[in-house]
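Chains, contacts and geometry: an overview
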Amino acid sequence: MCGITGWIDHTRDLSGQGPLLTAMAGTMACRGPDGAGVWLSRHAALGHRRLALIDLEGGTQPMTALPPGQDADGTPPAVLLFSGEVYNHGELRGELARRGHAFRGRSDTEVVLRAYLEWGERAFDRLVGMYAFALWDTRTETLLLVRDRLGIKPLYWTRRGEGVLFGSEPKAVLAHPDFPAEVAAEGLAALFTVAIKPPGAGVYRDLHEVRPGHVVRVDRTGVHHRRYWELTSAPHTDDLPTTIAEVRRLLADAVGMQLESDVPLVALLSGGIDSSALVGLAARSLAKDGAGRLATYALDFVGSETDFKADALHVSRDAPFVRAVADHVGTDHTDVTVETPSLVGELGPALRARDMPGVGDLDVSLLMLFREVRKHAAVALSGEGADDFFGGYPWFLAEAERPTDNFPWSAGVKDRNSQLSPQLREALDLDAYVADAYAGALAEVPRLDGESGVDRRLREVFHLQITRFLPFLLDRKDRMSMANGLEVRVPFCDHRLVEYLWNVPWHFKRTGGQEKGLLREAVADLLPEQVVRRPKSGFPFGHSPAYLEAVRQAVRTIIDDPAAPVLDLVNVPAVRAMVDSDAWFSGDFTPPPWLPRLIQLDLWLREYGVRVVL
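Residues numbered from 1 in each chain as written. Predicted model: local features only at pLDDT ≥ 70, side-chain atom pairs only at ≥ 80, totals over all residues. Heavy atoms only, no water.

Focus on the overall build of the protein
Per the secondary structure count, the protein includes 24 helices and 19 strands. Against the globule reference of 25 Å for 614 residues, the protein gives a C-alpha radius of gyration of 24 Å, in line with a compact fold. Principal-axis analysis of the C-alpha atoms places the extent of the protein at approximately 70 × 60 × 50 Å. A burial count over the protein gives 64% of its 614 residues as buried. Across the protein, the fraction of contacts at a sequence separation of at least 24, relative to all contacts at a separation of at least 6, is 73%. Summed over all atoms, the accessible surface of the protein reaches about 22,100 Å², with 51% contributed by carbon and sulfur. Computed over 67 positive and 83 negative side-chain charges, the separation of the two mean positions in the protein equals 2 Å. (Helix = DSSP H or I, 4+ residues; strand = E, 2+ residues; numbered from the N terminus. Rg over C-alpha atoms; globule rule 2.2 N^0.38 Å. Buried < 20%, exposed > 50% of the residue type's maximum accessible area, 1.4 Å probe, protein only. Contact = heavy atoms within 4.5 Å. Areas by Shrake-Rupley, 256 points an atom, 1.4 Å probe, with all protein chains shown as cover. Lys, Arg positive; Asp, Glu negative; His and termini not counted. Charge placed at Lys NZ, Arg CZ, Asp CG, Glu CD.)

Here it is as structure tokens:
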């Protein structure tokens, strides 16, 4: 995994911008601690930071390559900055070799570059993996910004003058002197809500994300967008046993492909069906190849035995189920135990990982887990996506029984504007923002002719989940992992599995009358029965009284400071009432804990010098 950045301008000479590109790339040293590089030409300046995982010696970037038979003098036809993994690079390498391409190394980056030289933009349809890359075609002076189908890896861009700036993270773009740290009403709305931001919005004013499954082309005529992948709705014709078998086949193939690494690889284990399924499949694949035992890691909190309280999203402690899987499968297991009061002190590092406020301690606990895992490995498997594709969250069943007309995870929120300051309420209506975002999201759903009732509504819900909620989770996973130089792979997000599951009906996914019943049946032979039947329980967070009091005290300090910039944005009396009660810590997702997010919002305004433009 890596960090990429660049500056393209067809009207300026950028050949002397090496120090600036080095600085822009340097902001993402955590994404690429193993190497750095810059490539300069008259109209393109490109920078890279590398995390070396495959072909440790031969995968340096920016990478150039010449067509078959061309001498190595003169300007290369294309230059590539690549972040991510292409899991089918071996298959593509073989096909390209048969077409006359000679390879210098074993990296997937070189395969992507030569695939472009062979097939042009049609090459992107052939990639299986998670990636975000920038390709500068020197022959046409065209920049292509490409993002994987699900948006697993990030890529931001902005227009500046007659050109564009881009980077894996906002911090790379913010390092350019021509891009100020500003936020407008729409960006604030994205921060005051969760998992509702429209695809392509970058929160900062005039900053955009490359949409998942899209190519952004920048040439002398301007900026153009092309979608190269989308879900297609069609009747599902497989019976239930065939569907179960196909899910098992697709998932096993995805896990097997994602085990390739020239550095140590581990798996994250929560004791839920998602991570446990990956652990079972990965351990079996490694054993078959004679590659030894799989190492697994789990997160827990000091005192969780007494502090844990069940709620709507956290029905049981992870620890007993983690131990059951580790013993049953036979992994080398490590528990990462966190002192919950320390979470408050990590809100700053979590903010800097995102370059914007996130979801408070839900980010921090993940950041701390990844920090420990990185001491032992550079690659980890994780179960993101299973809940989104198989219907694991409680709102799936709720929508099937009592459909709403809203984002399901946000349907219970009342009067979002109550958290805003009086002056901000004059410029921003969060309820209207959510309603508009929902209408836009619903219009994107690929309908199936003749579908009605529960099936029609659940197709909508799954599309909302895939295009709004899952990107929020993937973004969180990427930032917290890459802040520690750790690559996290997500086999459930293999687009081939996603395409198949898209058309599987809801009653199949609830086989056995339980959430993710289809997945449970597909992997039941790998795991202990109590894990196979364990109800969905969300990612753990701190319950300890010491942590809750630490949060309260940090917020009191902020709202008692008349110079605190966040006071211009929030309803201070309402915040004071939250501090003195447990209303902010409701135990469900609507809303998530608000006070830790407020701490990050204030720190963001201070530390990043963000100017609010309304």
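Comments concerning the pattern of salt bridges
Summed over all chains, the structure comprises 60 salt bridges. Residues participating in the shared-partner salt-bridge network are Arg 31, Lys 153, Glu 169, Lys 171, Arg 354, Asp 355, Asp 363, Asp 475, Arg 476, Asp 478 and Arg 479. (Salt bridge = Lys/Arg side-chain N within 4 Å of Asp/Glu carboxyl O.)

Side note on the sheet that holds strand 18 (residues 487-489)
If you walk across this open sheet you meet the five strands as 16-15-14-17-18, and the pairing is parallel. Lying at the two open borders of the sheet, with one neighbouring strand each, are strand 16 (332-338) and strand 18. Each neighbouring strand pair of the sheet contributes to a mean axis angle of 30°, computed without reference to strand direction. (Pairing = 2+ DSSP bridges. Axes fitted to C-alpha atoms, helices over the stretch in contact; angles between N-to-C directions.)

Structural notes on the sheet that holds strand 8 (residues 156-160)
Here we have six strands laid out as an open sheet, ordered 2-3-1-9-8-11, and antiparallel in their pairing. Two strands in the sheet have a free side with no partner beyond their single neighbour: strand 2 (35-40) and strand 11 (208-209). Strand direction decides the pairing type here: strand 1 (residues 2-9) and strand 3 (residues 44-50), joined by seven bridges, are antiparallel. Of the residues in strand 3, the one forming a bridge with Trp 7 is Ala 45.

Description of the nonpolar core
Among the nonpolar cores identified, the biggest contains 184 residues, and Phe 192, Tyr 204 and Trp 604 are the most heavily contacted of them. The contact partners of Trp 604, leaving out residues within four places of it in the chain, are Val 183, Leu 191, Tyr 204, Leu 351, Asp 355, Met 356, Pro 357, Gly 609 and Val 610. Membership of the second largest hydrophobic core comes to 20 residues, among which are Ile 4, Ile 8, Leu 81 and Val 223. (Core = buried A, V, L, I, M, F, W, Y, C linked by side-chain atoms within 4.5 Å.)

A look at the pairing of strand 8
A large share of strand 8 lies buried, amounting to four of its five residues. Taken together, the two bridges between strand 8 and strand 11 define a ladder with antiparallel strand orientation. Note on strand 11: the bridge partner recorded for Tyr 156 is Glu 209. Where strand 8 lies against strand 9 (residues 163-167), five bridges are found, and the strand directions are antiparallel. By the bridge assignment for strand 9, Thr 158 is matched with Leu 165. Taken together, strand 8 and the strand that follows it, strand 9, pair antiparallel across an intervening segment of two residues, in which Gly 161 is found at a positive phi of about 60°.

Things to note about the environment of Leu 278
Within the secondary structure, Leu 278 sits in helix 7 (residues 273-288). Distance from Leu 278 to Leu 155, taken between C-alpha atoms, is 27 Å for residues 123 residues apart in sequence. Setting aside anything within four residues of it in sequence, one finds Leu 278 in contact with Leu 251, Val 255, Ser 382, Gly 383, Pro 491 and Phe 492.

Remarks on helix 23 (residues 572-579)
Turn by turn, an α-helix covers 3.6 residues, leaving residues three or four places apart pointing in a common direction. Regarding helix 23, the residues found buried are Val 572, Val 575 and Val 579. Seen from one end, helix 23 has its buried residues packed into an arc of 55°, which puts them on one side. Buried positions along helix 23 lie against helix 22 (545-559) and helix 24 (594-607). (Arc of directions from axis to C-beta.)

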